[in-house]
Amino acid sequence: MREPEIELLCSQLASYYVFPDTANEIAKVLRARLEEGAYSTVDDDEAFAAAVTADLQSVNGDKHLRLLYSAEEVPETGQESAWDPVAYRKEAEQDAFGIRRLERLEGNVGLLELSLLHDAEIATPAIIAAMTLLAHTNALIIDLRNNGGGDPHTVALVCSYLFDEQVHLNDIYNRPEDTTHQFWTLPHVPGPKFGGKKPVYVLTSARTFSGAEELSYNLQQNERATLIGETTKGGAHPGDRYRVGPHLKSAVPNGRAINPISGTNWEGVGVVPHIQVPADEAFAVAYKKATSNQNG
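Here the structure is a predicted model, which means the values were calculated and not measured.

## Considering the sheet that holds strand β5 (residues 168-174)
Okay, so step 1: Across the sheet, which stays open at both edges, the three strands sit in the order β6-β5-β11 with antiparallel pairing between neighbours. Strands at the two margins of the open sheet, each flanked by one partner only, are β6 (179-184) and β11 (255-258). Here the strands of the sheet are splayed against their neighbours by 25° on average, with no regard to which way each runs.
Okay, so step 2: Against the sheet, helix α6 (residues 152-160) contacts β5 and β6, and its axis sits at roughly 25° relative to β6.

Have a look at this one:
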């Protein structure tokens, strides 16, 4: 029987999902699917999670809204959130805090490949080190083609090295708290800045998601970077994770991004690059532009 999991998931939607009316519609779909027996033959938790995720996303296509299978047991902590900060810190450390590649290329072009934008309280020293090493390059390529997202505070930190003045980057509305949080570049950063004058190129793909899309969108809306590659995946609703069962947890978006320039975000449509090319060709296009646009 899958009724307990479905009912718990529906209650989480009602409490936390960023759009209450849509949460009701999604819950109706889940209960109807349960009633018609769609989940009754799915004994395997991983297959169940996949089936429910498809139904969760069937109403409005929110790619952040998922039921996740966990091979390791999800502990009952007594807390609403299923977040494990100790396990996450270890994961971030082993991921080099999301810095996949850092290099000064021929022609004094900086390359920063980020696989994730890990939480700022953990990743800040690594981001500072990376941006300090890149500060004196003539042009910068930021590769987000395989980046699945992350912390908006880390997005703001990266952006802080790319502007000379303080810039209002993004707002995030949080439904449970009914608050809107503004994100600005920092007034001061450790070490030298790359600055607001030299060219920046951002590489995107159809896999670029969430916080990586915010970084791309922030720089695009402020006309600070040239985006090269593919239209991104289209997820602008951050959220939290909640325990649904011993090996199941929900990812429920509780917020939405609001760009101060466009007044909207990239949800469902993705971020459209300035120069559209297949993702595997984006680096070559960016590097050619970076070297040909230098003044000496």
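## Quick look at the side chain of Asn108
Okay, so step 1: Structurally, Asn108 is set in the loop between β2 (99-105) and β3 (109-114).
Okay, so step 2: At 3.1 Å, the side chain of Asn108 and the backbone oxygen of His136 are in polar contact.

## A short note on the environment of Phe194
Okay, so step 1: Position of Phe194 among the secondary structure elements: in the loop between β6 and β7 (200-204).
Okay, so step 2: Taking relative accessible area as the criterion, Phe194 reaches 4% and is therefore assigned buried.

## Comments concerning the packing of helix α5 (residues 120-134) against α6
Okay, so step 1: Closest axis-to-axis distance for the α5/α6 pair is 10 Å, and the angle between their directions is 20°. In this view, α5 runs roughly parallel relative to α6, as classed from their interaxial angle. The two elements α5 and α6 cross, and the hand of that crossing is right-handed. From α5, Ala120, Thr124, Ile127 and Met131 reach across to α6, where they touch His153, Thr154, Leu157 and Val158.
Okay, so step 2: Considering only residue class, the contact of α5 with α6 consists of five nonpolar, three polar and no charged.

## Describing the sheet that holds strand β9 (residues 239-245)
Okay, so step 1: On the basis of which strands lie adjacent, the open sheet formed by three strands has the order β1-β10-β9 and antiparallel pairing. Each having just a single partner strand, β1 (66-69) and β9 make up the two edges of the open sheet. This sheet shows a mean twist of 30° between the axes of neighbouring strands, independent of strand direction.
Okay, so step 2: Of the pairings in the sheet, the one linking β1 to strand β10 (residues 248-253) comprises four bridges and is antiparallel in character. Across the sheet, residue Leu68 finds its bridge partner in β10, namely Lys249.
Okay, so step 3: This element, helix α3 (residues 45-56), spans β1 and β10 of the sheet and lies at about 170° to β1.

## Quick look at the nonpolar core
Okay, so step 1: Among the nonpolar cores identified, the biggest contains 38 residues, and Leu114, Met131, Ile142, Leu162, Val202, Leu215 and Leu219 are the most heavily contacted of them.
Okay, so step 2: Those elements that place two or more of their residues in this core are β3, α5, β4 (139-143), α6, β7 and α7 (211-221).
Okay, so step 3: The dominant element in this core, judged by the number of residues it contributes, is α5, at seven residues.
Okay, so step 4: The contacts of Ile142, once residues within four sequence positions are left out, are Leu112, Leu114, Leu162, Val200, Tyr201, Val202 and Leu203.
Okay, so step 5: Within the second largest apolar cluster, 24 residues are counted, among which are Leu9, Leu65, Leu67 and Val244.

## Quick look at the pattern of salt bridges
Okay, so step 1: This structure, assessed with the given rule, holds 10 salt bridges.
Okay, so step 2: The partner of Arg33 in a salt bridge is Asp55, with the nearest N and O atoms 3.1 Å apart. Of this pair, Arg33 sits in helix α2 (residues 20-35) while Asp55 sits in helix α3, and the two are 22 residues apart along the sequence.
Okay, so step 3: A relative accessible area of 29% means that Arg33 is categorised as partly exposed.
Okay, so step 4: Of the charged contacts in the structure, one is a salt bridge between Arg101 and Glu103, with a shortest N-O distance of 2.9 Å.
Okay, so step 5: Owing to a relative accessible area of 32%, Glu103 belongs among the partly exposed residues under this scheme.
Okay, so step 6: Within this structure, Arg2, Glu5 and Asp45 form a network of salt bridges that share partners.

## As for α3
Okay, so step 1: Between its terminal C-alpha atoms α3 stretches 16 Å, which fits the 16 Å expected from 12 residues at 1.5 Å a residue.
Okay, so step 2: Within α3, the full set of buried residues consists of Asp45, Phe48, Ala49, Val52, Thr53, Asp55 and Leu56. When α3 is viewed along its axis, its buried side chains cluster within an angular range of 160° and face the same direction.
Okay, so step 3: If you follow the buried residues of α3, they end up packed against α1 (3-16), α2, β1 and β10.

Rules behind the numbers
- Residues numbered from 1 in each chain as written.
- Predicted model: local features only at pLDDT ≥ 70, side-chain atom pairs only at ≥ 80, totals over all residues.
- Heavy atoms only, no water.
- Pairing = 2+ DSSP bridges.
- Helix = DSSP H or I, 4+ residues; strand = E, 2+ residues; numbered from the N terminus.
- Axes fitted to C-alpha atoms, helices over the stretch in contact; angles between N-to-C directions.
- Contact = heavy atoms within 4.5 Å.
- Polar contact = N/O pair within 3.5 Å; in protein donor to acceptor, adjacent residues only side chain to side chain.
- Buried < 20%, exposed > 50% of the residue type's maximum accessible area, 1.4 Å probe, protein only.
- Parallel < 35°, antiparallel > 145°, perpendicular 65-115°, else oblique.
- Left-handed = near helix turned anticlockwise from the far one by under 90°.
- Nonpolar A, V, L, I, M, F, W, Y, C, P; charged D, E, K, R; others polar.
- Core = buried A, V, L, I, M, F, W, Y, C linked by side-chain atoms within 4.5 Å.
- Salt bridge = Lys/Arg side-chain N within 4 Å of Asp/Glu carboxyl O.
- Expected span 1.5 Å × (residues − 1).
- Arc of directions from axis to C-beta.

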